[in-house]
Amino acid sequence: AVRAQLKDSLAVIYRYYPLAMHPLAFRAAVAAECAREQGRFEAMHTTLFATQLVGDSLPITSLITASQIPDTSTFRRCLTDSTAQATVAVRTDMTRAQTLHLRGTPGLQIGDHVGTGGILASELMSRLRATRH
């Protein structure tokens, strides 16, 4: 709703903060970043949140298919390379989240204010307006 109202004047930046209590969260974050490298972040993000992640491994093949990853070999290599830029990006964001003292997800930063948890669109609009002035 907020994106629809503010259009291009709103920048949404995703940062990774995979919670340790979820055994697949880190790998899912890396998968999203690997998809971003191929221009498919939003598709992977949507797919990951629509998929019930259980067990000890991601359903890689179905994630690739649903997200329409064009270069599956590069994607698979990215997932398994602990030195790949995708893994480094996730670890960097995790450090940043600790510095900001985030306690959970989603985290929200507007200006210098950082908070945890979702808020209503009307409250988000109010906070954004207050920050602009």
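Given the structure is predicted, the values throughout are model-derived calculations rather than measurements.

A full pass over the atoms with the stated rule returns one aromatic pair. Taken together, a centroid distance of 5.0 Å and an interplanar angle of 55 degrees make the contact between Tyr14 and Phe41 tilted. In this pair, Tyr14 sits in the loop between helix H1 (2–6) and helix H2 (25–36) while Phe41 sits in helix H3 (residues 41–50), placing the two residues 27 residues apart along the sequence. Tyr14 sits in the partly exposed class, given a relative accessible area of 36%. Accessibility expressed as a relative area gives 12% for Phe41, which makes it buried.

The subject of this paragraph is the pattern of salt bridges. Scanning the model with the defined rule gives four salt bridges in all. We note a salt bridge from Asp93 to Arg15, for which the minimum N-O separation is 3.9 Å. Remark: Arg15 occurs in the loop between H1 and H2 and Asp93 occurs in helix H6 (residues 85–99); sequence separation between them is 78 residues. With relative accessibility at 7%, the residue Asp93 sits in the buried group. A relative accessible area of 52% places Arg15 in the exposed class. Its salt-bridge partner being Asp93, residue Arg96 comes within 2.6 Å of it at the nearest N-O pair.

In this section: the environment of Leu6. Tracing the backbone shows Leu6 in helix H1. Between the alpha carbons of Leu6 and Asp81 there is a distance of 38 Å; along the sequence they are 75 residues apart. Beyond its immediate sequence surroundings of up to four residues, Leu6 is in contact with Met125, Leu128 and Arg132.

For an α-helix, the turn length of 3.6 residues means that residues three or four places apart are oriented alike. For helix H4 (residues 60–67), the set of buried residues is Ile60, Leu63, Ile64 and Ser67. One face of H4 carries all of its buried residues, which in axial projection span an arc of 100 degrees. Exposed residues pointing more than 90 degrees away from the buried face of H4 are listed as Thr61 and Thr65. As for H4, its buried residues are in contact with H2, H3 and helix H5 (72–80). Downstream of H4 by one or two residues, Gln68 has phi in the positive range, about 55 degrees.

In this structure, Cys34, Met44, Leu48, Leu58, Phe75 and Leu79 are the most contacted members of the largest nonpolar core, which totals 23 residues. Elements with a contribution of two residues or more to this core: H2, H3, H4, H5 and H6. Among the elements that make up this core, the one with the highest residue count is H2 (seven residues). Formed by six residues, the second largest nonpolar core is a distinct cluster that contains Leu6, Leu124, Met125 and Leu128.

Rules and cut-offs
Residues numbered from 1 in each chain as written. Predicted model: local features only at pLDDT ≥ 70, side-chain atom pairs only at ≥ 80, totals over all residues. Heavy atoms only, no water. Phe/Tyr/Trp six-rings, centres within 6.5 Å; stacked < 30°, edge-to-face > 60°. Helix = DSSP H or I, 4+ residues; strand = E, 2+ residues; numbered from the N terminus. Buried < 20%, exposed > 50% of the residue type's maximum accessible area, 1.4 Å probe, protein only. Salt bridge = Lys/Arg side-chain N within 4 Å of Asp/Glu carboxyl O. Contact = heavy atoms within 4.5 Å. Arc of directions from axis to C-beta. Core = buried A, V, L, I, M, F, W, Y, C linked by side-chain atoms within 4.5 Å.

Read these as geometric descriptors, not functional statements.
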